[in-house]
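What follows is the residue order along each chain.
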2 protein chains.
Amino acid sequence: MPELHELDTMFYPKSVAIVGASANPASWGGTSFLSRLQKLGFPGKLYPVNPKDTEILGLRAYPSVRSIPNPPDLAIIAVPASVVPQVLEDCIATGVKNVHIFSSGFAETGMEEGCRLDDEITEIIRRGDLRVVGPNCMGLYIPKSKLAYWGAEPTGSGHVAFLSQSGGHAEMLSEYAQDLGVYFSKIISFGNACGLQAIDFLEYLAQDPDTSIITMYLEGIKDGNRFVQLIKSINRTKPVIIWKGGLTESGSRAAASHTGSLAGEERVWDAFFTQTGAVRANSLQEIVDVVMAFLYLQPPQGWRVLLIGGGGGNSVAMADICSREGLEVPHLAEETRQKLNAFISLAGNSARNPVDAWMLQNDVKLFQRALELAVADPVIDLVILDQYTWNADDDEENPGNSQEAEKVGDFIIDFAKNNRFGKPVVLALNGRFNDAASATSTARLWRKFALAGVPTYVSQQSASRALSRFIGYHQFQQRYADVA
Amino acid sequence: MPELHELDTMFYPKSVAIVGASANPASWGGTSFLSRLQKLGFPGKLYPVNPKDTEILGLRAYPSVRSIPNPPDLAIIAVPASVVPQVLEDCIATGVKNVHIFSSGFAETGMEEGCRLDDEITEIIRRGDLRVVGPNCMGLYIPKSKLAYWGAEPTGSGHVAFLSQSGGHAEMLSEYAQDLGVYFSKIISFGNACGLQAIDFLEYLAQDPDTSIITMYLEGIKDGNRFVQLIKSINRTKPVIIWKGGLTESGSRAAASHTGSLAGEERVWDAFFTQTGAVRANSLQEIVDVVMAFLYLQPPQGWRVLLIGGGGGNSVAMADICSREGLEVPHLAEETRQKLNAFISLAGNSARNPVDAWMLQNDVKLFQRALELAVADPVIDLVILDQYTWNADDDEENPGNSQEAEKVGDFIIDFAKNNRFGKPVVLALNGRFNDAASATSTARLWRKFALAGVPTYVSQQSASRALSRFIGYHQFQQRYADVA
């Protein structure tokens, strides 16, 4: 049996102390954490700590960590920065090993007192051999443990981990991704990283059976060489997707005032991605875009994409976008084109690639026939379908459009999941965000496709970028395997 | 008095023949054009032409153009490609000068017969000195003339012209832009350009009093040198914004099969933009993004942007994005920071730039005070406000958020339009498109701000890119003026 990893008691605690919760209804911070754990039905023991109260949210309150009868598996500290050192000393004295420091007011302030406190708690953490997340962070979000004291209420537990030096990003991702059916094993917001580092969490996640994809938002790294080696090694079995913030001069200054991080130069990080094969992202959306590919798609054989959409100008745009993202848009074989032309040689439609087939989008049988013919072509490795959602509504000239569009949608889901060619199929689904009706209908279709496990993207740009990164990851691994 | 430009009779026709309209209710093409003109209340005469019908949509039908009593100002041709030469001959014989050929099936097919027909009609057009838009295109959209036989029903007439080699793009832009309060003088979809060229339309628009901003979607250009000179000259008084499609190899192939265009190489077009100072765009959205800046903003003094948003990680992201788009994110002056800190030095907020001020977004008085203080700083040239629409809803912890957010919105509009510093203020407004409630609320806010004349962008990326191009345009003109 593998030895129980020491961080397991932190991620799956049986008891939690919340230092700084309060009976004052206007209080937030610690109190919010406590009420959220109660609301989620955290099954373990909860110990509110506040010297001014005897009862908080229906629970007995303790004047200090020292007065809790049994040392809790985890202490959340939400008190003013100046009081944090004393609370840490209390933790050491009573044998509390796992601590999340929510409080801010340390090195990120850039002020003398904050930096002094940062140094002080770093020394205490080292001396006491504490396992500390933070300070200046949102801490842990572990759906399996019902330990999600911020962010969207977990609607499921999944296999994606997110390590974040931004609590805001961690919160947003918990909201955004779950709506697309992307669920988390662990989200860890770790702020200034005075105790546990990105590297410590990575080592845990590398062996964590609940995690198969690792995503990160990073501002700074303290041990660059170790980090490179670790990512290189983990990335071979669990894809690591990294958004590195603060790469520009202005961004770097902002990072310094956010988590006190030294952000590093862009060219150093370019080399890092080239060397490790880690997958690059530049926003939360880009992270989820790539994750959907990893969750739902088989690795394609190559970069050659079939584009099916509508409109001549749109076809040119799709081809330009894919090319710029490194995908190829090959000619279909003469035989395929002839077969396609037999039934889509209508005015303004084209059987080349991109296949300009808007007239098929409201006829599920023709759409199915065209798609199967084109995907069967051996020059094709993967497929991006461009769905004009703004044409999927009934109108005067085309009553019944929406029912037929619904059928086309059902067919697309079935084809994407079960096509006999095993070729990845994804959707680019862009509504008119400034039109309430279109935005609402697009949001519904997004949920339909994404929750069914079809990677669904907000634009051709997003789709081709995510696929390019996905293929790039697999080709890197392939080369590595060949060399090894 | 200036001589009446010869294209005026085409753009402002008093009579229109629709060749290929039909009494058959299943017919489209010409019939759709006719019924749309009727629906819009086109005030001039309409002449449906079809040898098989005597009455079409309540109007007397004519067997041919030759049988129309007075030559119409404009003929729309929507018949099979093989019949187009004969109709053009009829136009010449009866003195019809202005023609829109909707029909496709020419060089864009890449087939021998199509290319032959393309050559044939080109010869007829030249011989007859016809003014022809097309073939293979949607033609004209002129709200002022009630000549908008496709696209969104015009809700207003404005000063933006759009020249497009894609009918799909022309249609989409008419829908997308009007919802944001961007109205058109003329949209011209001109397809294969066998008759009138982009250059001809540009010469017209240069002197068109109804047009002050010119936007284009181009696939190919026939007279490169003339085009460069013309854009360079027009761009000095009317900004020219160009989306060049088909710049990649795949895109170029798609352009050839769309409008039979030779698309040209990316580096040639890079030089074109550098040389002419024309504004580059890569999508319809990017076109509208820049247009909003030109319509609503005074040119800023420089590139130094104030970013106001929320969240530490988000601040880092905003700074990175702006830097990559060429904007500067300067430190605020020490004095400004001290004043700001006096009331926003709350935990987790920052008075640096970006100003991390999410706590102010639900308190209009504090928001106003912070904004006025920061914008007054002389290191600032312009402002991007990042509004978290997903925080603008009421929730358990913050009842009344939405009313206060509404007040903040009203204040932002007033400040953007009337701030005493004359500094441009724009919004980045990004909702969660995969969440129907958020998407709906965002769409509503989009309309609120955009229709009030505040440039509103779907993301920080879009906002900073548009502003960077807007400033770049003015700096180019400035340099040019200095030299001249």
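Residues numbered from 1 in each chain as written. Chains lettered and ligands numbered in written order. Predicted model: local features only at pLDDT ≥ 70, side-chain atom pairs only at ≥ 80, totals over all residues.

Chemist: Can you lay out unusual backbone geometry for me, pointing to particular residues and giving the numbers?
Modeler: Look at the link from G134 of chain A to P135 of chain A: it is a cis peptide, with omega at 5 degrees. Along the chain, the position of P135 of chain A falls in the loop between strand 7 (131-133) and strand 8 (139-142). Cis geometry marks the peptide bond from N353 of chain A to P354 of chain A; its omega dihedral reads 5 degrees. Relative to the helices and strands, P354 of chain A is located in the loop between helix 12 (334-344) and strand 16 (355-356). Here the phi dihedral of N136 of chain A falls at roughly 60 degrees; this positive angle occurs in a residue that is not glycine. In this structure, N136 of chain A sits in the loop between strand 7 and strand 8. With a phi close to 55 degrees, A193 of chain B is a non-glycine residue in the positive phi region. Here A193 of chain B lies in the loop between strand 11 (184-189) and helix 6 (198-207). (Helix = DSSP H or I, 4+ residues; strand = E, 2+ residues; numbered from the N terminus.)

Chemist: Describe the interface of chain B and chain A, and please don't skip the residues or the numbers.
Modeler: Counting residues at the interface gives 54 residues for chain B, matched by 55 residues for chain A. Sorting the residues of the side of chain B that touches chain A by element identifies helix 5 (167-178), helix 8 (249-259), helix 11 (312-324) and helix 15 (436-451) of chain B as the ones contributing at least two each. It is helix 11 of chain B that provides the largest number of residues to the side of chain B that touches chain A, a total of 11 residues. Taken together, the residues of the side of chain B that touches chain A sort by class into 19 nonpolar, 25 polar and 10 charged. (Contact = placed C-beta atoms within 7 Å. Nonpolar A, V, L, I, M, F, W, Y, C, P; charged D, E, K, R; others polar.)

Chemist: Run through the pairing of strand 6 (residues 98-101) of chain A, naming residues and quoting values.
Modeler: Residues and elements named next belong to chain A. What you see with strand 6 is no split at all: N98 and H100 on one side and V99 and I101 on the other are buried throughout. Bridge count for strand 5 (residues 74-77) against strand 6 is three bridges, and the pairing is parallel. Bridge assignment links A75 to a residue of strand 6, and that residue is V99. As for the winding sense of the linkage, the β-α-β connection from strand 5 through helix 3 (residues 84-94) to strand 6 is right-handed. (Buried ≥ 20, exposed ≤ 12 C-beta atoms within 10 Å, placed from the backbone. Pairing = 2+ DSSP bridges. Right-handed = clockwise from strand over helix to strand, strands pointing away.)

Chemist: Give me the lowdown on the confidence of the model for chain A, citing residues and values where you can.
Modeler: Across chain A, the average pLDDT comes to 89, with 92% of residues at 70 or higher. For this predicted complex, the interface score ipTM comes out at 0.87, while the overall pTM is 0.90. (pLDDT = per-residue confidence, 0-100.)

Chemist: Can you lay out the environment of A23 of chain A for me, pointing to particular residues and giving the numbers?
Modeler: Residues and elements named next belong to chain A. The topology assignment puts A23 in the loop between strand 1 (15-19) and helix 2 (30-40). A C-alpha to C-alpha distance of 10.0 Å links A23 and L59, two positions 36 residues apart in sequence. The contact partners of A23, leaving out residues within four places of it in the chain, are D53, E55 and I56.

Chemist: Explain the domain arrangement of chain A residue by residue, including any values.
Modeler: All names here are of chain A. Structurally, chain A comprises domain 1 (8-133), domain 2 (139-295) and domain 3 (298-480). Averaged C-alpha coordinates put domain 2 and domain 3 at centres separated by 30 Å. Opposite the 13 residues of domain 2 that make contact, domain 3 presents 15 residues. Where the side of domain 2 that touches domain 3 is concerned, the elements lending two or more residues are strand 14 (279-281) and helix 10 (284-296). The element contributing the most residues to the side of domain 2 that touches domain 3 is helix 10, with five residues. (Domains from an automatic or database assignment.)

Chemist: Tell me what's going on with the packing of helix 6 of chain B against helix 7 (residues 224-234) of chain B, and back it up with residues and numbers.
Modeler: All names here are of chain B. Between helix 6 and helix 7, whose axes approach to 11 Å, the crossing angle comes to 20 degrees. The angle between the axes of helix 6 and helix 7 places the two elements in the roughly parallel class. For the pair helix 6 and helix 7, the sense of crossing is left-handed. Listed contacts from helix 7 to I199, L202, E203 and A206 of helix 6 are R226, F227, L230 and I234. Classifying every residue of the contact of helix 6 with helix 7 gives six nonpolar, no polar and two charged. (Axes fitted to C-alpha atoms, helices over the stretch in contact; angles between N-to-C directions. Parallel < 35°, antiparallel > 145°, perpendicular 65-115°, else oblique. Left-handed = near helix turned anticlockwise from the far one by under 90°.)

Chemist: How would you sum up the sheet that holds strand 14 (residues 279-281) of chain B? Please name residues and give values.
Modeler: Residue and element names in this part refer to chain B. On the basis of which strands lie adjacent, the open sheet formed by seven strands has the order 9-8-11-10-12-13-14 and mixed pairing. Either end of the sheet is taken by a strand with one partner, and the two such strands are strand 9 (147-148) and strand 14. When strand 12 (residues 213-218) meets strand 13 (residues 240-244), the two strands line up parallel, connected through five bridges. The partner of Y217 across the bridge, within strand 13, is W243.

Chemist: Go over the sheet that holds strand 18 (residues 425-429) of chain B with me, naming the residues and quoting the values.
Modeler: Residues and elements named next belong to chain B. Taken in spatial order, the five strands make up an open sheet running 16-15-17-18-19, and their pairing is parallel. Edge strands, defined here as strands with exactly one partner in the open sheet, are strand 16 (355-356) and strand 19 (456-457). As paired elements, strand 18 and strand 19 share two bridges and run parallel to each other. Opposite A428, over in strand 19, you have Y457 as the bridge partner. Relative to strand 15 (residues 305-309), helix 13 (residues 364-376) is tilted by about 160 degrees, and along the sheet it contacts strand 15, strand 16 and strand 17 (382-387). The sheet strands contacting helix 15 are strand 18 and strand 19, and the helix crosses strand 18 at an angle near 170 degrees.

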